[in-house]
Amino acid sequence: KQEVTQIPAALSVPEGENLVLNCSFTDSAIYNLQWFRQDPGKGLTSLLLIQSSQREQTSGRLNASLDKSSGRSTLYIAASQPGDSATYLCAVRQDDYKLSFGAGTTVTVRA
Amino acid sequence: GAGVSQSPRYKVAKRGQDVALRCDPISGHVSLFWYQQALGQGPEFLTYFQNEAQLDKSGLPSDRFFAERPEGSVSTLKIQRTQQEDSAVYLCASSPSLMNTEAFFGQGTRLTVV
């Protein structure tokens, strides 16, 4: 069974600092990995999708890397802002459809 | 609609009551998923539809849980004789096709069983 772990569980940084969020998974046979943002009481917003053949994806201040062989992905958020405060979830797709999620990293950016 | 729509957003049910949760996926999306998210945890897979066919229901916690998508668009997750451990956020997601595609999630339905 695929196990997805996100460390740290919570993170608090001052505004302007870069954020580094880690995700690890136990089975490297994945199709893709997706990073989501979840605001309190809300659903999931997709941030980045990395296919298994890719090493990284970028969107604005967000950059996600994937090292499939070692079972790791890292989400970098540059120059953090208070609006970046949320829970960030990573999920891996191991077969045609099912996503396995980590428990998330809750980020607080202090103004 | 522009995104995945779920209703109701919040549901309070008395223990033993039956509930029905609705999901309207993005128009034209073939794949539809239901996930359950307990407080402080990541979502857990419940079931998967490809058009109207339920191809995987291995994540449904018990036979009190039932899902359908009769016309390949709107889906309903039904929970019979609700129990306190059913309290969670139920998330619906859809994808345009089968392989290697992005999943789009709805806002979820928060179910509280009292």
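Remember, it's a predicted structure, so these values are computed and weren't measured experimentally. Note on numbering: residues in each chain are counted from 1, in written sequence order. Starting at A for chains and at 1 for ligands, labels are handed out in the order in which the entities are written. In keeping with the model being predicted, local features are shown solely for residues with a pLDDT of at least 70 and side-chain atom pairs are shown and tallied solely at 80 or more, while totals for entire chains, interfaces and linings include all residues. No hydrogens and no water enter the side-chain calculation; it runs on all heavy atoms of the structure.

(A) Inspection of the state of the cysteines at higher detail. Two cysteine sulfur atoms make up a disulfide if the distance between them is within 2.5 Å. Scanning all chains against the criterion turns up two disulfides over all chains. What pairs with Cys23(A) in a disulfide is Cys90(A), and their sulfur atoms sit 1.9 Å apart. Since a negative S-S torsion denotes a left-handed disulfide, the Cys23(A)-Cys90(A) link at about 70° is right-handed. Taken as a pair, Cys23(A) in strand 3 (residues 19-25) and Cys90(A) in strand 9 (residues 86-93) lie far apart in primary sequence, 67 residues in all. Neither residue differs from the other here; Cys23(A) and Cys90(A) are each classed as buried. There is a disulfide in this structure between Cys23(B) and Cys92(B), and the S-S distance comes to 1.9 Å. Judged by the sign of its S-S torsion, about -65°, the bond between Cys23(B) and Cys92(B) is left-handed. You can see Cys23(B) sitting in strand 3 (residues 19-24) and its partner Cys92(B) sitting in strand 9 (residues 88-95), a full 69 residues away along the chain. The two residues Cys23(B) and Cys92(B) agree in class, both being buried. Helix numbering and strand numbering both begin at the N terminus, where a helix is a DSSP run of H or I of at least 4 residues and a strand a DSSP run of E of at least 2. Note on exposure labels: buried denotes an accessible area under 20% of the residue type's maximum, exposed denotes more than 50%, and partly exposed covers the range between, all computed with a 1.4 Å probe on protein chains only.

(B) Structural detail: the packing of aromatic side chains. Any two rings among Phe, Tyr and Trp, with Trp reduced to its six-membered ring, count as a pair given centres within 6.5 Å; such a pair is stacked if its planes are under 30 degrees apart, edge-to-face if over 60, and tilted if neither. One pass over the structure, following the stated rule, counts nine aromatic pairs over all chains. Between Phe101(A) and Tyr35(B), the aromatic rings sit 5.7 Å apart at their centres with planes inclined by 85°, giving edge-to-face as the arrangement. Linking Phe101(A) in strand 10 (residues 99-101) with Tyr35(B) in strand 4 (residues 31-37), this pair reaches from one chain into another. Among the aromatic residues, ring-to-ring pairing joins Phe36(A), Phe101(A), Phe33(B), Tyr35(B), Phe45(B), Tyr48(B) and Phe105(B) into one connected group.

(C) Quick look at the interface of chain B and chain A. Should any heavy atoms of two residues lie within 4.5 Å, those residues are counted as being in contact. Each partner contributes residues to the interface: chain B has 24 residues there, and chain A has 21 residues. Note on definitions: buried area is the accessible-area loss of two parts on being combined, 1.4 Å probe, summed for both. When chain B packs against chain A, close to 1900 Å² is buried across both sides, 50% of that on carbon and sulfur atoms. Whenever Lys or Arg places a side-chain nitrogen within 4 Å of a carboxyl oxygen from Asp or Glu, that contact is recorded as a salt bridge. On the surface where chain B and chain A come into contact, there are one salt bridge. As a salt-bridge pair, Lys98(A) and Asp56(B) come within 3.6 Å of each other at their nearest N and O atoms.

(D) Representation of the nonpolar core in the model. Residues and elements named next belong to chain A. By nonpolar core we mean a set of buried residues, namely Ala, Val, Leu, Ile, Met, Phe, Trp, Tyr and Cys, connected to one another through side-chain atoms within 4.5 Å. In terms of nonpolar packing, the biggest core is built from 22 residues, with Phe25, Leu33, Trp35, Leu75 and Tyr88 touching the most fellow members. If you list the elements that add at least two residues to this core, you get strand 3, strand 4 (32-38), strand 5 (44-51), strand 7 (62-67), strand 8 (72-77), strand 9 and strand 11 (105-110). Aside from chain neighbours lying at most four places away, what touches Tyr88 is Gln6, Leu21, Phe36, Arg37, Leu47, Leu75, Ile77, Gly104, Thr105 and Val107.

(E) Examining the sheet that holds strand 7 of chain A more closely. Residues and elements named next belong to chain A. In spatial order, the strands read 1-3-8-7-6; together these five strands make up an open sheet with antiparallel pairing. The sheet is open, and its two borders are formed by strand 1 (4-7) and strand 6 (56-59), each paired with just one other strand. Each strand of the sheet is rotated relative to its neighbour by a mean of 15°, with strand direction disregarded. By the convention used here, strands pair only if DSSP detects at least 2 bridges between them. With six bridges joining them, strand 3 and strand 8 adopt antiparallel strand pairing. Within strand 8, the position partnered with Leu21 by the bridge is Leu75. Note on method: axes are straight lines fitted to C-alpha atoms, helices fitted across the in-contact stretch only, with angles between N-to-C directions ranging 0 to 180 degrees.

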